[in-house]
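# Report on the structure
Spelled out from the first residue to the last, the chains are:
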There are 2 protein chains.
Amino acid sequence: MLGNFSYSNPTKLYFGENALEHLGAELTHYGKNVLLVYGGGSIKKNGIYDQVVSILKSCDKEIIEDPGVMPNPTAEKLYQGCQRAREGKVDLILAVGGGSVCDYAKAVSVSTYCEEDPWDKYYLRMEDVDNKIIPVGCVLTMVGTGSEMNGGSVITNHEQKLKIGHVFGDNVFPKFSILNPTYTFTLPRYQMIAGFFDIMSHILEQYFSGEDDNTSDYIMEGLLKSLIHSTKIAVENPTDYEARSNIMWIATWALNTLVAKGKSTDWMVHMIGQSVGAYTDATHGMTLSAISIPYYRFIMPYGLQKFKRYAVNVWDVSPDGKTDEQIAGEGLTRMERYMREIGLVMNIKELGVTEEMLDGIARGSFIMDGGYKVLSNDDILTILKDSMGE
Amino acid sequence: MLGNFSYSNPTKLYFGENALEHLGAELTHYGKNVLLVYGGGSIKKNGIYDQVVSILKSCDKEIIEDPGVMPNPTAEKLYQGCQRAREGKVDLILAVGGGSVCDYAKAVSVSTYCEEDPWDKYYLRMEDVDNKIIPVGCVLTMVGTGSEMNGGSVITNHEQKLKIGHVFGDNVFPKFSILNPTYTFTLPRYQMIAGFFDIMSHILEQYFSGEDDNTSDYIMEGLLKSLIHSTKIAVENPTDYEARSNIMWIATWALNTLVAKGKSTDWMVHMIGQSVGAYTDATHGMTLSAISIPYYRFIMPYGLQKFKRYAVNVWDVSPDGKTDEQIAGEGLTRMERYMREIGLVMNIKELGVTEEMLDGIARGSFIMDGGYKVLSNDDILTILKDSMGE
C-alpha cells in the first residue's frame, strides 16, 4: 500500500433477489422528474421495465423516457439525452440496463448543464466537472463494467473514430445501485461471456502493475479465483444463482476503485480494445479477450515476477523444477485454455478487423504508462498482428 | 453472495505518510467546537498531538480536550465525555488514537443527546439511534479494531462486569479517517502484536461461517495471506513501511462490513474474549489469541470442509494422501506455530484469569448463532479450561 491516496465510495448498493424493493425508499430523496434511461428494449420483454415504471408511478414521479442507448453509447446520443434532461428539468437519472446504460447516464449527468460541448470538455480534454450534476441511480441488468459503483463513463465518437472513457470523481458515482443477480439470467450467451471477461480484464489491468508487495494484489487474486470458479459454473448453467450472484459482486468490486489503491495500473488492454471497438463496434469484452493473450505474452518478460506469481497463486501452476519463464508462461497457457473453454473470442479478425484497419487502430490506442512496459506504436502493431490469429 | 443485503460505507479515508495534510480541508465541513479525544498521552510524546492541535488552531477551531480514554473505555468515562460534549456544544468529535479512542468517540457521538442512560439504551438493549448524532473524524495511531471505518463501539461496564459492543448504522461511521502508517511505528511491541491478531480474528470470525461458495471468503483468504506475510516482516522490523501500511489497510477492510456481505458470521471468539477482558482488563487482541486455537479445535468437526479449505488456501497445507481431519488439523497447527512465532499470548492464565473466574467468564460470554456450532455454557467452559494452558 505504498504511496498516498484517498478512498471514498458513496454509492449505496442493494443486492439480492429482493433488491428492487428498496427503489421506492431511494426515490423519496429526489425530486419529481426522472429521466428513465435504457437500451434496446430487452427490459420490456423480461418485465423489469414494467416493475420499475410501476414503482416510479407509485412514488408519483414524472417519467421522461430516454430509450435506445446503444452498446457503445455515442456522442450524438449523449447530446440528445442532455437536451431531454434539460427540457424535462430532470431531478434524477435512473439507468436500467448494463454498463453502457450506466455509463451513458453518468455522461448525461455531468453534461446536461455543461456550457460547452461536453464531448470536447469531458472526453477529449478530460476536464474536472464544475457545473451542476444530476444524480444517477442504477438498476443493473448486465454485469461487467463495474459502472454501477464508480465514476467511469465511456463514450464513442464515430466521426472522430474515438472511444474514450472519463473517470469522474465520487460526486459523479451513482447515488445508489440495485443489483439483482436474477436480472442477468436472460442475457444472451455471447454478451454474458463477454461480460465475464470484462470483469477479468479489469482485475488484470490493475494486477499487472507495480513490483511492490501490496494487499490489493492479494485481494485481486481472491477475486480472480472466485471469478474463474463461478464463471465455469455459469457457462454450464446460466441460472445458477450462487455463481451469478458471486460474479455480479466481483464485477462491482473489480472496478470500484478499491483494488487500485496503492498501485499503479496498466489499462493498455482496454486502450487497444477500445480502439478496436471504435473501428468495429464489437462487443467490449470480446475486444479485450482477443487482445489479452497476445498483449500479456508480449509484456511478460518485463514483469516476469508478477506473471510467475499469477501463475502460481491464480492458476495453481506448480513451480517445482521450472524456470521463472516456464512458470509464468504456463500461467498464460492455462488462462488461454480457460478463455477458450468458456467461449471467448480469441482474435480480432473474428470481430471484423481487417489488415487495413491495423494502423488506424494502433494510432487510436491511447498509450498509458502504468504497466510493465510503455508501448510504442510498433509494439501495438505487433500485438494487433498477433491478435489477428492464423 | 446468497441472500439479500445492502452495502453502504460513507467513511472517507486518507492514507499514507502525508495523510494528515487533508485534515484542514475536512475541518471546513464542521462547526467551530471540536472535542479532541485521545488516550494516555503517547500522542504528546510522538508529536502527533502538536501537529493536530496546530491544524485545529490554524482552522480557527475551539478545542475542548477529552484525554484519558483507557484501552477498554468504560461507561463512567462515557458519561463524562457526553457531559463535556454537551457543555462544549461540540460540532465534531476528533478521535486521535487507536480503536478504543475511536470506539469511545462513536459512543459519545450517539450518547451525548440521548435522553436516557446511554449504557442501558445502546449497550444493554442495543437500540437504534433516534437522537442527534455528533459527527466523528479519526486520526488513527494504532491498528486492529477497524473502528476507523465502521459503526462498532465497545464499552465496558466494570460494575456489571460486562464488555459490550454495539454495531451502529452508517450514520454513525466516522465521516473521515486519517491513516498514516508511520504513526503505528512507535507502538510498544505487545500492543502491536495484539493488534495484528485482532485483525486476523476479525477475518476468521467472518470466514468460519456458512457452507456456500461466497466471494467474500476468497477476499478474506487474500487478506489473510497478505496479513500473515506482512506481520512476519513487521515483527522483525516494526518500521518497515510497506509491511505496516499493508497491515493498516487490511485492518480497515477486515471489519468495515465488506467481507461479511452475503455471509453469516460467528464472533464467538470475540464474545468469550470480551468476557475475559471484562474480568482481567487484558489487552483485547491477546484475549482473542489465547481463546482462538482452543475454540477452533473445538468447532473444527462441525465445519470441517471450511477448515480444510482454510488449511490449503491460507496455510499452504498439501492435501495429498491425507484425511480431511488431518488437513484441517494441520492448518490449525500451522496457525498456532505462526502465532507463537510472532509472540502472541496463547493462554488466558497469562492474562490473569484464575480458575475461580471461569464460571463468571462463561456466563458473561454472549452466545451468537452464526458459527458452525451454537455453544452451550458447558462448551464455553471446556474451551476456557483448554485456554488455561498447562
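Starting afresh in each chain, residues are numbered from 1 along the sequence in its written order. Note on labels: chains are lettered from A, ligands numbered from 1, in written order. Totals for whole chains, interfaces and linings use every residue, but because this is a predicted model, local features are given only for residues with pLDDT of at least 70 and side-chain atom pairs only at 80 or more, for both listing and counting. Based on all heavy atoms of the structure, the side-chain values leave hydrogens and waters out of the count.

### Structural notes on the overall build of chain A
Elements are defined by DSSP. Helices are runs of H or I of four residues or more, strands are runs of E of two residues or more, and each kind is numbered from the N terminus. On a plain count of helices and strands, chain A comes out with 15 helices and eight strands. For 390 residues, the compact-globule formula gives about 21 Å, and the C-alpha radius of gyration of chain A, at 20 Å, lands near that figure. When the backbone C-alpha atoms are referred to their principal axes, chain A occupies close to 70 × 45 × 45 Å. Burial analysis of chain A (390 residues in total) assigns 63% to the buried set. This radius of gyration counts C-alpha atoms alone. The globule rule is 2.2 Å times how many residues there are, raised to the power 0.38. Exposure is judged per residue with a 1.4 Å probe applied to protein chains only, and the accessible area is read against the type maximum: over 50% gives exposed, under 20% gives buried, and values in between give partly exposed.

### Focus on the pairing of strand β5 (residues 136-140) of chain A
Residue and element names in this part refer to chain A. Among the five residues of β5, five are classified as buried, and the element is accordingly described as predominantly covered. Residues of β5 alternate between two faces, with V136, C138 and L140 on one and G137 and V139 on the opposite face, all of them buried. In this analysis, strands are considered paired if DSSP registers two or more bridges between them. Pairing analysis gives five bridges linking strand β4 (residues 92-97) to β5, with the strands arranged parallel. By the bridge assignment for β5, L94 is matched with G137.

### Regarding the side chain of S289 of chain B
Residues and elements named next belong to chain B. Structurally, S289 can be placed in helix α11 (residues 284-299). A relative accessible area of 1% places S289 in the buried class. Of the polar contacts made by the side chain of S289, one reaches the backbone oxygen of V345; its length is 2.5 Å. In what follows, a contact means two residues having at least one pair of non-hydrogen atoms within 4.5 Å. In contact with S289, other than residues within four places in its own chain, are F197, M339, L344, V345 and M346. Contacts described as polar in this section are N or O atom pairs within 3.5 Å, which, within protein, must combine one atom able to donate a hydrogen with one able to accept it, while residues neighboring in sequence count only if both atoms come from side chains.

### Structural notes on the packing of helix α7 (residues 189-207) of chain A against helix α12 (residues 304-315) of chain A
When two helices pack together, their arrangement is captured by the angle between the axes and the distance separating the axes. Residues and elements named next belong to chain A. Between α7 and α12, whose axes approach to 12 Å, the crossing angle comes to 140°. Regarding the angle of α7 to α12, the classification is oblique. Residue-level inspection shows M200, L204 and Y207 of α7 in contact with α12, the latter providing K306, R309, Y310 and W315. Residue polarity is assigned by list, with Asp, Glu, Lys and Arg as charged and Ala, Val, Leu, Ile, Met, Phe, Trp, Tyr, Cys and Pro as nonpolar; anything else, Gly included, falls into the polar class. Residue composition of the contact of α7 with α12, by class: five nonpolar, no polar and two charged. Here the axes come from fitting lines to C-alpha atoms, over the contacting stretch only for helices, and the angles between their N-to-C directions go from 0 to 180 degrees. Here the angle decides the label: under 35 degrees means roughly parallel, over 145 means roughly antiparallel, 65 to 115 means roughly perpendicular, and every other value means oblique.

### Regarding the UniProt feature "domain: Fe-containing alcohol dehydrogenase-like C-terminal" (unreviewed entry) in chain A
The sites that carry the UniProt feature "domain: Fe-containing alcohol dehydrogenase-like C-terminal" (unreviewed entry) are, in the present numbering, residues 193-388 of chain A. In this annotation, residues 193-388 of chain A is assigned 65% helix and 0% strand; the end-to-end C-alpha distance for the span is 20 Å. UniProt positions are given in the numbering used here, feature names are shortened, and annotations may be inferred rather than shown by experiment.

### Details of the packing of aromatic side chains
Only Phe, Tyr and Trp rings are paired, with Trp represented by its six-membered ring, and only when their centres lie within 6.5 Å; those with planes under 30 degrees apart are stacked, over 60 edge-to-face, the remainder tilted. In this structure the tally under the stated criterion is 43 aromatic pairs over all chains. Ring geometry for F5 of chain A against W249 of chain B: centres 5.0 Å apart, planes inclined by 90°, an arrangement best described as edge-to-face. On the criterion of chain membership, the pair formed by F5 of chain A in strand β1 (residues 5-15) and W249 of chain B in helix α9 (residues 241-254) is interchain, its members lying in two chains. Accessibility classification places F5 of chain A together with W249 of chain B in one group, the buried group. Three or more aromatic residues joined by ring pairs form one cluster here, namely F5, Y7, F15, W249 and W253 of chain A together with F5, Y7, F15, W249 and W253 of chain B. If you follow K44 of chain A out to its NZ or CZ, it ends over the ring of Y49 of chain A, 4.7 Å from the centre. Throughout this description, the term charge over a ring refers to an Arg CZ or Lys NZ atom that lies within 6 Å of the ring centre and within 35 degrees of the ring normal.

### Details of the relation of the copies chain A and chain B
Aligned on chain B, chain A shows an RMSD of 0.0 Å; the corresponding rotation is 180° and the shift along the axis is 0.0 Å. Such values leave the two copies arranged in the relation of a two-fold axis. When the interface residues of chain A are mapped onto chain B, 100% of them again lie at the interface, so the same face is used by both copies. A least-squares fit on C-alpha atoms brings the copies together, and the residues used are those whose pLDDT is at least 70 in both copies.

### Points about the domain arrangement of chain A
Residue and element names in this part refer to chain A. Structurally, chain A comprises domain 1 (12-183) and domain 2 (190-387). One C-alpha centre belongs to domain 1, the other to domain 2, and the line joining them spans 27 Å. Contact residues are listed per partner, giving 25 residues for domain 1 and 23 residues for domain 2. Reported buried area values correspond to the accessible surface (1.4 Å probe) lost by two parts on association, with both partners' losses combined. Both sides of the domain 1 and domain 2 interface together cover about 2,200 Å² of buried area, and 68% of this is carbon and sulfur. Salt bridges are identified by distance alone: a Lys or Arg side-chain nitrogen within 4 Å of an Asp or Glu carboxyl oxygen. At the junction of domain 1 and domain 2, the tally comes to zero salt bridges. Inspection of the domain 1/domain 2 interface yields six residue pairs in polar contact (both at pLDDT 80 or more). Of all elements in the fold, only β1 and β7 (162-167) reach the threshold of two or more residues within the side of domain 1 that touches domain 2. The biggest single contributor to the side of domain 1 that touches domain 2 is β7, with four residues. Its residues assigned to classes, the side of domain 1 that touches domain 2 shows eleven nonpolar, ten polar and four charged. Each domain's limits were defined by an automated method or a database of domain assignments.

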